[in-house]
Amino acid sequence: MDLQKYESELNYPVISVEKNLLDSRLLMPSYGGNAGEVTAIMTYSFQHFICHVKEIAEVLHGISIVEMKHMERLGEAITALGGYPIIAGRTYWSGSAVNYTLVTKKFLRQNILAEETAILNYERTILNLNQDCLKQLIERIIVDEEIHIKLFKELLKAI
Ligand SMILES: [Fe+2]
């Protein structure tokens, strides 16, 4: 699948880190927390399966794959920092964190709110991280989340 429309063309930073469990713990909520990337992947996948409007389902599919790339980068960073990339934030991730809203208009609005929350969480995380390449990774991910907000807003307008 061509992901061009769903992500920034900017490269991800090279992750070269000192082991640091504090930093790895700071990344966990964005990775496998209730409002993290795993929840985004699963929510957009669910929406992709149930949405009858082909154009919208396709965008949801593309975005879900970009979120998977975010999850992958965070998992790699957590591991490089000496942490364990278990699917968890503060507690183990569960499918109850997924948004199962069925009405397209409603879930598009909720997706925008979820992306805005994710960005806020990321911005807070950046303030506490101790290594520059990690801050750059989060900044790179935020650029994609902003693209996702734009895409969801465009879809909402077209309905
Ligand atoms: Fe993401």
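Since the model is a prediction, treat every value here as computed from it, not as a measurement.

Caption draft 1: Broad picture of the environment of E116. Structurally, E116 can be placed in helix α4 (residues 104–128). According to the relative accessible area criterion, E116 is partly exposed, its value standing at 33%.

Caption draft 2: The arrangement of α4 in detail. In this model α4 runs 36 Å from its N-terminal to its C-terminal C-alpha over 25 residues, within 8% of the 36 Å that 1.5 Å per residue would give. Considered for burial, the residues of α4 that qualify are F107, L108, N111, I112, E115, A118, I119, Y122, T125 and I126. Of the surrounding elements, those touching the buried residues of α4 are α1 (21–32), α2 (37–50), α3 (54–80) and α5 (132–158).

Caption draft 3: Spotlight on the coordination of the iron ion. Protein coordination at the iron ion comes from E37 (OE), E37 (OE), E67 (OE), H70 (ND1) and E145 (OE), with a distance range of 1.9 to 2.4 Å. Taken in chain order, the donor set of the iron ion reads E-x29-E-x2-H-x74-E. Residue E37 is found in helix α2, and its partner H70 is found in helix α3; the two are separated by 33 residues along the sequence.

Caption draft 4: Quick peek at the packing of α3 against α5. Two elements in contact, α3 and α5, have axes separated by 11 Å at closest approach and are oriented at 170°. Comparing the axis directions of α3 and α5 gives the class roughly antiparallel. Facing α3, whose interface residues are I56, V59, L60, I63, V66, E67, H70, R73, L74 and A77, α5 presents L134, L137, I138, I141, D144, E145, H148, L151, F152 and L155. Per-class residue counts for the contact of α3 with α5 are 14 nonpolar, two polar and four charged.

Caption draft 5: View of the pattern of salt bridges. Counting across every chain of the model gives three salt bridges. In this structure, R140 engages D144 in a salt bridge whose closest nitrogen and oxygen atoms are separated by 3.0 Å. Placement of both R140 and D144 in helix α5 is noted, with a separation of four residues, approximately one turn of the helix. Comparing R140 with D144, the two get one shared label, buried. With a shortest N-O distance of 3.9 Å, K150 and E154 are connected by a salt bridge. You can see K150 and its partner E154 sitting in helix α5, four residues apart, about one turn around the helix.

Caption draft 6: View of the side chain of S8. Looking at the element boundaries, S8 is found in the segment before α1. On the accessibility criterion, S8 (10% relative accessible area) is buried. Side-chain polar atoms of S8 contact the backbone nitrogen of L10, separated by 2.9 Å. The contacts of S8, once residues within four sequence positions are left out, are R140, V143, D144 and I147.

Caption draft 7: Region of the structure containing the nonpolar core. Y6, L27, L60, I63, L74, I138 and F152 are the most contacted members of the largest nonpolar core, which has 36 residues in total. It is α5 that provides the largest number of residues to this core, a total of ten residues.

Rules of the game
Residues numbered from 1 in each chain as written. Predicted model: local features only at pLDDT ≥ 70, side-chain atom pairs only at ≥ 80, totals over all residues. Heavy atoms only, no water. Helix = DSSP H or I, 4+ residues; strand = E, 2+ residues; numbered from the N terminus. Buried < 20%, exposed > 50% of the residue type's maximum accessible area, 1.4 Å probe, protein only. Expected span 1.5 Å × (residues − 1). Contact = heavy atoms within 4.5 Å. Donors = N, O, S within 2.8 Å, 3.2 Å for Na, K, Ca; no water. Axes fitted to C-alpha atoms, helices over the stretch in contact; angles between N-to-C directions. Parallel < 35°, antiparallel > 145°, perpendicular 65-115°, else oblique. Nonpolar A, V, L, I, M, F, W, Y, C, P; charged D, E, K, R; others polar. Salt bridge = Lys/Arg side-chain N within 4 Å of Asp/Glu carboxyl O. Polar contact = N/O pair within 3.5 Å; in protein donor to acceptor, adjacent residues only side chain to side chain. Core = buried A, V, L, I, M, F, W, Y, C linked by side-chain atoms within 4.5 Å.

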